[in-house]
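# Close look at the chain arrangement
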Protein chains: 2
Amino acid sequence: MLYLIGLGIGERDITQAGIEAIKNSEIIILDGYTAFVDPKKLKFISSISKREIQRAGRSELEEGVSKIISEAKLRNVSIITNGDPMLATTHKTILVEAGKQGLAFKVIHSTSIFSVAIAESGLDFYRFGPTCTVPRWSEHYKPVSFYETVSANISGNRHSMILLDYDNEKGMSIRIEEAIAIMSKAEEHYKLGVFAKDREIMALCDVGTEKQKIVFKKIADIKTDADYRMATLIMPAKLSEIETEYIKQISMV
Amino acid sequence: MLYLIGLGIGERDITQAGIEAIKNSEIIILDGYTAFVDPKKLKFISSISKREIQRAGRSELEEGVSKIISEAKLRNVSIITNGDPMLATTHKTILVEAGKQGLAFKVIHSTSIFSVAIAESGLDFYRFGPTCTVPRWSEHYKPVSFYETVSANISGNRHSMILLDYDNEKGMSIRIEEAIAIMSKAEEHYKLGVFAKDREIMALCDVGTEKQKIVFKKIADIKTDADYRMATLIMPAKLSEIETEYIKQISMV
């Protein structure tokens, strides 16, 4: 049996079902490619499973998927991953391959940045348009499709969840300042005012964890302290009265 | 301290943090208004907390919020709720009121239909447009805004998550057949083909639970067995190659 287990985004977000599957597994493989996992959480997993955790990078998870599936035909194997699994293409590919080879698998869900960021923002989740990601830019790779997504959302009076690319070498998302610099470059190109300096944006640092910090400020004024691993931005559309009141009460202003 | 605890959507989705908060609470209030909670889960909560669970309906949660806050100033109070909390307006209102009265509160997240349905559908989560709900219709109340949301999503080649209204008297969402009948009535009104009989739709029954059943069929062919509590629909836009392959492998066709 192959388990694909979400560890959630908070320090203690592993579910009852997740704990049970971990205890029942002979092999535990950490997806170290798609997101950061808290070392304390890994320590907890080692302690309940009494197993070494094998760390897998992109090649082990993608090209090495046949090896994982062969193992899982003989014994219980858990792939553990941050957040809720299956939102990443890598996870879907593993399950498609398992399905093709007739291997039984089970997905165990947990908290996801996707729902927790919306919940903690206090914004109406019916008002969110499509989500986008600000990717890392390199000299020859400067994608700007996030600009078009947010621009269309603003035109339709929709909120935008803007995920920040994960740097698996550093084990953290790109910095908020870096994301804002990329947005400003895209702004210089499109000139539609989507990321104008006086537009307000919400920055959610380590949302869902004990260290959660949420600020709501003009793009020009966003300053964050250095101490976070994962950050997400939300560009709100025109706030409703209830949304404004919520943000005020939760003192994010 | 006031805890607002999500119990998740699966049978064993309570997180480590949730279990701890429940154990530390003197008063446990079940939100019986916004969604169904599995009786086995309630039994587990009673057993770990050694407390009676108080069931709260709409009036206790909305007009009775001051009473809950007064209690939570004296002792630890947990409000437990299905899924991930705070996506419901009722929960936000409770926290705004707690904030106004200077009461410390903590939100404990769990799995949400919102991310789990997208994950289990195998569809690309970047391609989802705004979510809508099909509400129960009565003789004098027949809202159709869901039609406009799905219609705009289809025009933009976006997938639509279509939640089904919760009937808190029956303790289940409206039936898929009822939702499809409402959609067809809306179709007769707008005549844009959004819910045409030959359009394919995904029906997700009790998603994230042991009883999960997902079918992907033409609207005209959707038939479900009677044995589910909560259902959700997803109206996909034009499927990509990877999405088509995933759906085929997971044998939802």
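Small disclaimer: the values here were computed from a predicted structure and weren't measured.

Moving on to the overall build of chain A. What chain A contains, in helices and strands, is nine helices and 12 strands. Relative to the globule expectation of 18 Å for 253 residues, the C-alpha radius of gyration of chain A, 20 Å, shows essentially globular dimensions. Taking the principal axes of the C-alpha coordinates as reference, chain A spans close to 60 × 40 × 30 Å. Long-range contacts, defined as pairs at least 24 residues apart, comprise 75% of the intrachain contacts of chain A with a sequence gap of at least 6. When the accessible area of chain A is evaluated, it comes to approximately 11200 Å², of which 50% is carbon and sulfur surface. When the 33 basic and 34 acidic side-chain charges of chain A are each reduced to a single mean position, those positions are 1 Å apart.

Looking at the element boundaries, Pro85(B) is found in the loop between strand E4 (77-81) and helix H5 (89-100). Using a relative accessible area of 0% as the deciding quantity, one classes Pro85(B) as buried. Through-space distance from the C-alpha of Pro85(B) to that of Val107(B) is 7.5 Å; in sequence the pair is 22 residues apart. Aside from chain neighbours lying at most four places away, what touches Pro85(B) is Ala119(A), Leu4(B), Ile5(B), Gly6(B), His91(B), Val107(B), Ile108(B) and His109(B).

We now examine the sheet that holds strand E3 (residues 53-56) of chain A. Residue and element names in this part refer to chain A. Read across the open sheet, the five strands follow the order E3-E2-E4-E1-E5; overall the sheet is parallel. The open sheet has two edge strands, E3 and strand E5 (105-108), and neither has a second partner. Strand-to-strand twist of the sheet, defined as the mean angle between neighbouring strand axes without regard to direction, takes the value 20°. Bridging between strand E1 (residues 2-6) and E5 involves four bridges; their strand directions are parallel. When the sheet's bridge partners are listed, Leu-2 is paired in E5 with Phe-105. Strands E1, strand E2 (27-31) and strand E4 (77-81) of the sheet are contacted by helix H4 (residues 65-74), whose axis makes an angle of about 130° with E4.

The next point concerns the domain arrangement of chain A. Residues and elements named next belong to chain A. As far as domains go, chain A holds domain 1 (2-108) and domain 2 (113-249). Taking only C-alpha atoms, the centre of domain 1 and the centre of domain 2 are 29 Å apart. Listed by partner, the interface residues are nine residues for domain 1 and 12 residues for domain 2. Between domain 1 and domain 2, a total of about 900 Å² is buried, with carbon and sulfur atoms accounting for 59% of that surface. Of all residues in domain 1, the largest losses of buried area upon contact with domain 2 belong to Ile-9, Glu-11 and Phe-36, amounting jointly to 60% of the total for that side. Our count for the domain 1 to domain 2 interface comes out at one salt bridge. Glu-210 is the partner of Arg-12 in a salt bridge, and the nearest nitrogen-oxygen pair spans 3.5 Å. At the boundary of domain 1 and domain 2, one finds four residue pairs in polar contact (both at pLDDT 80 or more). Here the residues of the side of domain 1 that touches domain 2 are counted per class, giving four nonpolar, three polar and two charged.

Here the focus is the nonpolar core. Judged by nonpolar contacts, the single largest core of 80 residues is most densely connected at Leu2(A) and Leu2(B). The contacts of Leu2(B), once residues within four sequence positions are left out, are Ile68(B), Ala72(B), Val77(B), Ile79(B), Ile94(B), Ala98(B), Leu103(B), Ala104(B), Phe105(B) and Lys106(B).

Residue and element names in this part refer to chain B. Look at helix H1 (residues 16-23) against helix H2 (residues 39-49): their axes get within 8 Å of each other, and the N-to-C directions meet at 55°. Classed by the angle they form, the pair H1 and H2 counts as oblique. As H1 runs across H2, the sense of the crossing is right-handed. Residues Ile-19, Ile-22 and Lys-23 of H1 form the contact with H2, whose participating residues are Phe-44, Ile-45, Ile-48 and Ser-49. Looking at the contact of H1 with H2, its residues break down into five nonpolar, one polar and one charged.

In this section: the interface of chain A and chain B. Taken together, the 50 residues of chain A in the interface contact 50 residues of chain B. Between chain A and chain B, a total of about 4400 Å² is buried, with carbon and sulfur atoms accounting for 62% of that surface. Together, Arg12(A), Gln16(A) and Phe125(A) form the three largest contributors to the area buried by chain A at its contact with chain B, with a combined 16%. In this structure, the connection of chain A to chain B is made through six salt bridges. A salt bridge links Lys100(B) to Glu245(A); the nearest nitrogen and oxygen atoms lie 3.1 Å apart. Those elements that provide at least two residues to the side of chain A that touches chain B are helix H1 (16-23), helix H5 (89-100), E5, helix H6 (113-121), strand E6 (132-134) and helix H9 (241-249) of chain A. Among the elements that make up the side of chain A that touches chain B, the one with the highest residue count is H6(A) (six residues).

Turning to unusual backbone geometry, a few remarks are in order. Residues and elements named next belong to chain B. Its identity as a non-glycine residue notwithstanding, Met-86 has a phi of 80°, on the positive side. Position of Met-86 among the secondary structure elements: in the loop between E4 and H5. The residue Asp-206 is not glycine, and still its phi comes out positive at about 45°. With a relative accessible area of 7%, Asp-206 lands in the buried category.

Each value, and the rule that gives it
Once a new chain begins, its residue numbering starts again from 1 and follows that chain's sequence as written. The order in which chains are written sets their letters, starting at A; the order in which ligands are written sets their numbers, starting at 1. Only residues with pLDDT of at least 70 are given local features in this predicted model, and only at 80 or more are side-chain atom pairs given and counted; all residues enter the totals for whole chains, interfaces and linings. Side-chain metrics in this entry use all non-hydrogen atoms of the structure; hydrogen atoms and water are not considered. Labels follow the DSSP assignment, with helices taken as runs of H or I lasting at least four residues and strands as runs of E lasting at least two, numbered in each case from the N terminus. Computation of the radius of gyration draws on C-alpha atoms, with the globule rule given as 2.2 Å multiplied by the number of residues to the power 0.38. Contact criterion: two residues are considered in contact whenever any of their non-hydrogen atoms come within 4.5 Å of each other. Calculation of accessible area relied on Shrake-Rupley with a 1.4 Å probe; when residues are assessed, cover is drawn exclusively from the protein chains displayed. Here Asp and Glu are counted as negative and Lys and Arg as positive; His is not counted, and neither are the chain ends. Lys charges are placed at NZ, Arg charges at CZ, Asp charges at CG and Glu charges at CD. For every residue, the accessible area (1.4 Å probe, protein chains only) is compared with the maximum for its type, and the residue is labelled buried under 20%, exposed over 50%, or partly exposed between those bounds. DSSP calls a pair of strands paired once it identifies at least 2 bridges connecting them. Axis lines are fitted through C-alpha atoms, for helices just across the contact stretch, and the angle between N-to-C directions can take any value from 0 to 180 degrees. Where each domain starts and ends comes from a domain assignment, either automatic or drawn from a database. When two parts are brought into contact, each loses some accessible area as probed by a 1.4 Å sphere; the total of that loss over both is the buried area. By convention in these notes, a salt bridge is any Lys or Arg side-chain nitrogen within 4 Å of a carboxyl oxygen on Asp or Glu. Side-chain atoms alone can form a polar contact between residues adjacent in sequence; in general such a contact is a pair of N or O atoms within 3.5 Å, and within protein one must be able to donate a hydrogen while the other accepts it. Each residue is assigned to one class: nonpolar for Ala, Val, Leu, Ile, Met, Phe, Trp, Tyr, Cys and Pro, charged for Asp, Glu, Lys and Arg, and polar for all the others, Gly among them. Side-chain atoms within 4.5 Å are what join buried Ala, Val, Leu, Ile, Met, Phe, Trp, Tyr and Cys residues into a set we call a nonpolar core. Working rule for angles: under 35 degrees goes down as roughly parallel, over 145 as roughly antiparallel, 65 to 115 as roughly perpendicular, anything else as oblique. With the far helix as reference, a near helix turned anticlockwise by less than a right angle produces a left-handed crossing, and one turned clockwise produces a right-handed crossing.

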